[in-house]
There are 2 protein chains.
Amino acid sequence: MRMSELVRRSRVPLATIKYYLREGLLMPGEATSATQAVYGEEHLRRLGLIRALIEVAGLPVQKAGVVIGLIEHPDGDLFETLGRAIGALPPYLEVPEGVDFPRARAALEKIGQLYDPRFTAVAQLERALEAVEAAGMPMDDERLAVYGRSIRQLAEFDVSRVPRSSADTAVEYSVLGTALYEPVIAALRRLAHQDLASRALTP
Amino acid sequence: MRMSELVRRSRVPLATIKYYLREGLLMPGEATSATQAVYGEEHLRRLGLIRALIEVAGLPVQKAGVVIGLIEHPDGDLFETLGRAIGALPPYLEVPEGVDFPRARAALEKIGQLYDPRFTAVAQLERALEAVEAAGMPMDDERLAVYGRSIRQLAEFDVSRVPRSSADTAVEYSVLGTALYEPVIAALRRLAHQDLASRALTP
């Protein structure tokens, strides 16, 4: 298809598509003359991925580029690649070099999970646990046990669905599944609260 | 205590405290002269609540005022009051009047939960389900069953911990517990993925 059709079908403005081409997020089309190129379904799919990362998951363009680079070249260790791709997702915390995460480490040890401070979600957990503590409702062992068990069930399902066909689809699924299902989970939790409260509180 | 001590102990700048006083988020101190007042532990506690709502949960000052108003005057129906307080939390979606939420309704019916379109989390769920669908990984029945069950366990624990002593503490607990535990849950899910992936992928 021509660029005009790519704009129409993707609903992404021409200037934005040109910007993604310049930044290397979108692969070039097949040149048909010095000034024209044609694009395929893979360009449409890629634009959908870029839009999901930037507009829905909230990544800055540079971080979306990191994720796309890892999807295009998932070289080496898949576990490492997945870690780097998930690490490109928000929230972005400034973590001083060599800092320790005592709350996160204690929580992960209690639920019997891997503690690796290089993983950005460890800093996120530490910050989140600090915040609940400061607000006077710290994580306690009972809540940690319930949360740990429930979230692990859910995470086991997620991991069981990771496509095994190729490393690039595994990375893409993991990044999108992590980022885009977080709002689903938050909304479902609020609605479960509402449902439970309506049973308990309405006459 | 004097204002200077309130500034020191709360670590909230003087200008910010004065702003919260003007906007009614912080209750006035007890006047000791025309220009001086003294403050108590309740002011310190309130500043902690305001800080948690604005800086951690991300509420604009006006929405934090709505929550504090509901905590100060939890009149009438507690279920309605809780709904309005949780409705003041981000994300803020523009929802046209009379719009329907077909994905959210179908999902809630499948897991046997209350569907009430006035509740803002319904619009959040609809938007989140639209996003996963657009990204090519729509919610299916199997995922919905696993997520619904896991999240309900977690929500049951949350609701079991709501303080029953008074309506204002119930509202405060519910708002903070909803907002501040969402990042904890997101981080724990990412770390459960990492733990499961490390067992599956590392030799």
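Per chain, residues are indexed from 1 in the order of the written sequence. In the order they appear in the text, chains get letters beginning with A and ligands get numbers beginning with 1. Totals for whole chains, interfaces and linings use every residue, but because this is a predicted model, local features are given only for residues with pLDDT of at least 70 and side-chain atom pairs only at 80 or more, for both listing and counting. Each side-chain value is worked out from all heavy atoms of the structure, with water and hydrogens disregarded.

1. Focus on the side chain of B:Asp116
Helix and strand labels come from DSSP, where a helix needs a run of H or I of at least four residues and a strand needs a run of E of at least two; each type is numbered from the N terminus. Relative to the assigned elements, B:Asp116 resides in the loop between helix 6 (102–110) and helix 7 (120–134). Each residue's exposure class comes from its accessible area (1.4 Å probe, protein chains only) as a fraction of the maximum for that residue type: buried when under 20%, exposed when over 50%, partly exposed otherwise. A residue is classified by how much of its surface remains accessible, and B:Asp116, at 14% relative accessible area, is buried. Within the structure, the side chain of B:Asp116 is placed 2.6 Å from the side chain of B:Arg118, a separation counted as a polar contact. Once you skip the residues sitting within four places of it in the chain, B:Asp116 turns out to touch A:Gln194 and B:Val122. Nitrogen and oxygen atoms within 3.5 Å of one another constitute a polar contact, given that in protein one can donate a hydrogen and the other can accept it, and given that sequence-neighbouring residues count only through two side-chain atoms. A contact between two residues is defined here by any heavy atoms of the two lying within 4.5 Å.

2. Describing the relation of the copies chain A and chain B
At an RMSD of 0.0 Å, chain A and chain B line up after a rotation of 180° and a shift of 0.0 Å along the axis. Taken together, the rotation angle and the small translation identify this as a two-fold axis. Using C-alpha coordinates, one finds that chain A approaches the rotation axis most closely at A:Ser150, a distance of 2.4 Å. An overlap of 100% is found between the interface residues of chain A and their copies at the interface of chain B, pointing to a shared contact surface. The copies were overlaid with a least-squares fit restricted to C-alpha atoms from residues scoring a pLDDT of at least 70 in each copy.

3. Some remarks on the interface of chain A and chain B
For interface size, the figure often reported is the accessible area lost on association. Taken together, the contacts link 70 residues of chain A with 70 residues of chain B. The term buried area means the drop in 1.4 Å probe accessible area that two parts suffer when joined, counted for both and summed. Contact between chain A and chain B buries roughly 7,300 Å² in total, counting both sides, with carbon and sulfur atoms accounting for 68%. Note on definitions: salt bridges are taken to be side-chain nitrogens of Lys or Arg within 4 Å of carboxyl oxygens of Asp or Glu. For the pair chain A and chain B, the interface holds twelve salt bridges. For A:Arg152, the salt bridge identified is with B:Asp195, shortest N-O distance 3.0 Å.

4. Observations concerning unusual backbone geometry
All names here are of chain A. A cis geometry characterises the amide bond from Pro-90 onward to Pro-91, with omega recorded as 5°. Considering the arrangement of structural elements, one finds Pro-91 in the loop between helix 5 (78–87) and helix 6 (102–110). Although it is not a glycine, Arg-11 adopts a positive phi angle of roughly 60°. One can find Arg-11 in the loop between helix 1 (3–10) and helix 2 (14–23). Judged by relative accessible area, which is 77%, Arg-11 ranks as exposed.

5. A few points about the packing of aromatic side chains
For Phe, Tyr and Trp, where Trp contributes only its six-membered ring, two rings pair if their centres lie within 6.5 Å, and the inter-plane angle classes them as stacked under 30 degrees, edge-to-face over 60, or tilted in between. According to the stated counting rule, one finds four aromatic pairs over all chains in the structure shown. Measuring from centroid to centroid gives 5.7 Å for A:Tyr147 and B:Tyr181, while their planes differ by 70°, and the two rings are edge-to-face. Of this pair, A:Tyr147 sits in helix 8 (residues 141–160) while B:Tyr181 sits in helix 9 (residues 167–201), each in a different chain. Cation over ring: A:Arg143 sits above B:Tyr181, and NZ or CZ is 4.4 Å from the ring centre. A ring is scored as having a charge over it whenever the NZ atom of a lysine or the CZ atom of an arginine sits within 6 Å of its centre and within 35 degrees of its normal.

6. Quick notes on the side chain of B:Gln124
Along the chain, B:Gln124 falls in helix 7. Owing to a relative accessible area of 9%, B:Gln124 belongs among the buried residues under this scheme. In this structure, B:Gln124 is in contact with A:Ala187, A:Arg190, B:Pro91 and B:Leu93, ignoring residues within four places of it in sequence.

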